[in-house]
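# A structural walkthrough
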Amino acid sequence: MKERIKYEKVIVTEELFMRRKLAAAALCATLAVSNLCVGSTAVMAEDKVKITILNTKDELQTQWEELAEEYEELTGVEVEVSVTVGDSPSEDITKRYASGEVPTIFMGDVQDILMLDEYALDLSGEEWAEIGGTKFGCTVNDKLKGFPFCIEARGLIYNKTAIEDVTGEEFDPSQIKTTEDLKAVLDKLVDGGMETPVALNMEDWSLGGHYLTQVYEEQDGTAKGAEDFVGGIKDGSVKLGENDRWNSLMDTFDLLKEYNMNKDNPLAADYDENAISITEGDIAFWFNGNWAWAEMSEFAEEGTEYGIMPIPQDDADNDATENLCGGASKYLMIDTNFNDEEQQQAAKDFLHWLVYDEKGQDFLVNKCNLVPAFSNIELEVTNPLGASVQDYTVNGKIFETFAKLPGDHWKTLGAEMQKYLGDQCTREELEESIETYWKKQ
């Protein structure tokens, strides 16, 4: 699924927490009735603990089922894994809570953890919290409620092999820091016959949910800094046109537009075609994230080198050109309402096993091809985009993602970014649209 926004350290204040609770009111009312007549579905059988897991990444269902069988053989704990039903995991888990058919462990997005916070076990005291759990997990009112299942990050995907073949020079992404550095490479590619070395997606989630949010996140690399920044836009103390980070990132965006393979009709760009083009070396750079490997892998040739690098730009304050923006994209929550203490403890033991046992680590990295959030896991991710993200993660070079985006942010401001991509508005008009949006929040 391409429509996604990445989260790193998710911290929810009391004010935001209370607003989110209103959305769960109907669920809570139904649940109160359900508790009178429905028991836990994660039941004990002949003194044997059974836990259930709801998987919302259906592409990993086979891996989960194999892991459940292996875990039961090793520990004696029965594990049953089901996959989410319907198009929306949030709707599925809401129905399960209403009916009482609630898993012991639920895989969800940030909004799901917020909605179900009062039923989520506090994981703050777990050993793994200190090695990535707190940094990348979902924290509500200073309590860790979501185990970070995997890390995703975004930047400029590059085809190193194609760049070197066309330019005849070694390509070292760590040396491409400024807009001028990037332009020099792009010009060499054009001179070598690669007429349009860049691909830009036209989707609102890519433009409004990914590129624009880097302006917030790269203010100082922290979620608090991003929050203060948008707060300044709201109260009028921050003007985008006077902000160095905004101008720096948009100058680079203008450069990417200039060399865009879809320049003639940028709002008709095809995502899959972009993936094929970067993979086959028709282009050299694509703004995207490591999730794109799912589309690229089908066309990738053995021996071709790919990676992800930070966005080159002229404002290097706060090491912006040294860091990727990203974070956890799924969280595991343990239910306390329909699962007793023994099942909750079994679920905690299972999460601990994922982090510290070789077989658990093998499941995350080798079987599921995920980038783990935990610094103790030394297994290397095999796909090249994941390997890039893992390297930045292990070295502490992932900026905190700003999670307090309104629900309509990427669609509303993504549409404004689309206008700019299609030369349907000026940068000043785009600035005004963004400032007007935030002042209404």
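Quick summary incoming for the structure in this document. (Residues numbered from 1 in each chain as written. Predicted model: local features only at pLDDT ≥ 70, side-chain atom pairs only at ≥ 80, totals over all residues. Heavy atoms only, no water.)

## Topic: helix H17 (residues 409-421)
Using the following cut-off: Helical segments are the DSSP runs of H or I of at least four residues, strand segments are the runs of E of at least two, and each set is numbered from the N terminus. Between the first and last residue of a helix there are one fewer steps than residues, each counted as 1.5 Å, and that sum is the expected span. Summary of the burial criterion: residues with accessible area below 20% of their type's maximum are buried, those above 50% are exposed, and those between are partly exposed, where the area comes from a 1.4 Å probe applied to protein chains only. In this analysis, two residues are considered to be in contact whenever any of their non-hydrogen atoms come within 4.5 Å of each other.
Across its 13 residues, H17 extends 17 Å between first and last C-alpha, which sits within 8% of the 18 Å expected from 1.5 Å per residue. Among the residues making up H17, those that are buried are His-409, Trp-410, Leu-413, Gly-414, Glu-416, Met-417, Gln-418, Tyr-420 and Leu-421. Close packing links the buried residues of H17 with helix H9 (204-217), helix H11 (244-258) and helix H18 (427-439). Where H17 ends, the next residue or the one after it, Asp-423, has phi of about 60°, a positive value.

## Brief notes about the nonpolar core
As a reminder, the rule being used: What makes a nonpolar core is a set of buried Ala, Val, Leu, Ile, Met, Phe, Trp, Tyr and Cys residues whose side-chain atoms join them at distances within 4.5 Å.
Core analysis: the largest hydrophobic core is formed by 81 residues, its most contacted members being Trp-64, Phe-149, Met-296, Phe-350 and Leu-351. Listed in part, the 49 residues of the second largest apolar core include Leu-189, Val-238, Leu-249 and Leu-256.

## With respect to the pattern of salt bridges
Close approach of charged atoms allows side chains with opposite charge to pair. Let me state the cut-off plainly: Any Lys or Arg side-chain nitrogen located within 4 Å of an Asp or Glu carboxyl oxygen qualifies as a salt bridge.
All chains considered together, the criterion is met by 21 salt bridges. Where Lys-50 meets Glu-80, a salt bridge forms, and the shortest distance between an N and an O atom there is 2.9 Å. Of this pair, Lys-50 sits in strand E2 (residues 50-55) while Glu-80 sits in strand E3 (residues 78-83), placing them 30 residues apart in sequence. Between Lys-160 and Glu-164 there is a salt bridge, and its shortest N-O distance comes to 2.6 Å. On the criterion of helical spacing, the pair formed by Lys-160 and Glu-164 is a turn pair, its members being four residues apart in helix H7 (residues 160-167). In the salt-bridge network here, residues are joined through shared partners; they are Glu-218, Arg-245 and Asp-315.

## Examining the packing of helix H10 (residues 223-235) against H18
To keep things clear, this is the line we draw: Note on geometry: axes are C-alpha line fits, over the in-contact stretch for helices, and angles between N-to-C directions span 0 to 180 degrees. An angle below 35 degrees is treated as roughly parallel, one above 145 as roughly antiparallel, one from 65 to 115 as roughly perpendicular, and anything else as oblique. Note on residue classes: Ala, Val, Leu, Ile, Met, Phe, Trp, Tyr, Cys and Pro are nonpolar, Asp, Glu, Lys and Arg are charged, and everything else, Gly too, is polar.
Close contact between H10 and H18 brings their axes to 7 Å; oriented N to C, the two are set at 90°. With respect to each other, H10 and H18 are oriented roughly perpendicular. Between H10 and H18, the residues in contact are Val-230, Ile-233 and Lys-234 and Glu-435, Trp-438 and Lys-439, respectively. A breakdown of the residues in the contact of H10 with H18 according to their chemical character gives three nonpolar, no polar and three charged.

## Overview of the side chain of Asn-243
We apply this condition: Polar contacts, as counted here, are pairs of nitrogen or oxygen atoms within 3.5 Å of one another; within protein the pair requires one atom able to donate a hydrogen and one able to accept it, and residues that are adjacent in sequence qualify only if both atoms are side-chain atoms.
When you line up the elements, Asn-243 lands in the loop between H10 and H11. The class of Asn-243 is buried, set by a relative accessible area of 13%. Polar side-chain contacts of Asn-243 include one of 3.1 Å to the side chain of Gln-219. In terms of polar contacts, Asn-243 uses its side chain to reach the backbone amide nitrogen of Arg-245, at 3.1 Å. Beyond its immediate stretch of four places on either side in the chain, Asn-243 contacts Gln-219 and Phe-229.

## Here's the deal with the state of the cysteines
Operational definition: Counting rule for disulfides: a pair of cysteine sulfur atoms within 2.5 Å.
Enumeration according to the criterion identifies zero disulfides in this entry. We note that Cys-150 lacks a disulfide partner, and the nearest cysteine sulfur, in Cys-368, lies 9.0 Å from it. For Cys-150, a relative accessible area of 2% gives the class buried. Residue class for Cys-368 comes out buried when judged on its relative accessible area of 7%.

## Here we look at the side chain of Ser-277
Mapped onto the fold, Ser-277 is located in helix H12 (residues 271-280). Judged by relative accessible area, Ser-277 falls into the buried class, the value being 2%. Excluding anything up to four places from it in sequence, Ser-277 contacts Met-261, Asp-282 and Ile-283.

## A look at the environment of Ser-237
With respect to the helices, strands and loops of the structure, Ser-237 is situated in the loop between H10 and H11. For Ser-237, a relative accessible area of 57% corresponds to the exposed category. For Ser-237, the side chain forms a polar contact with the side chain of Asp-235, separated by 2.6 Å.

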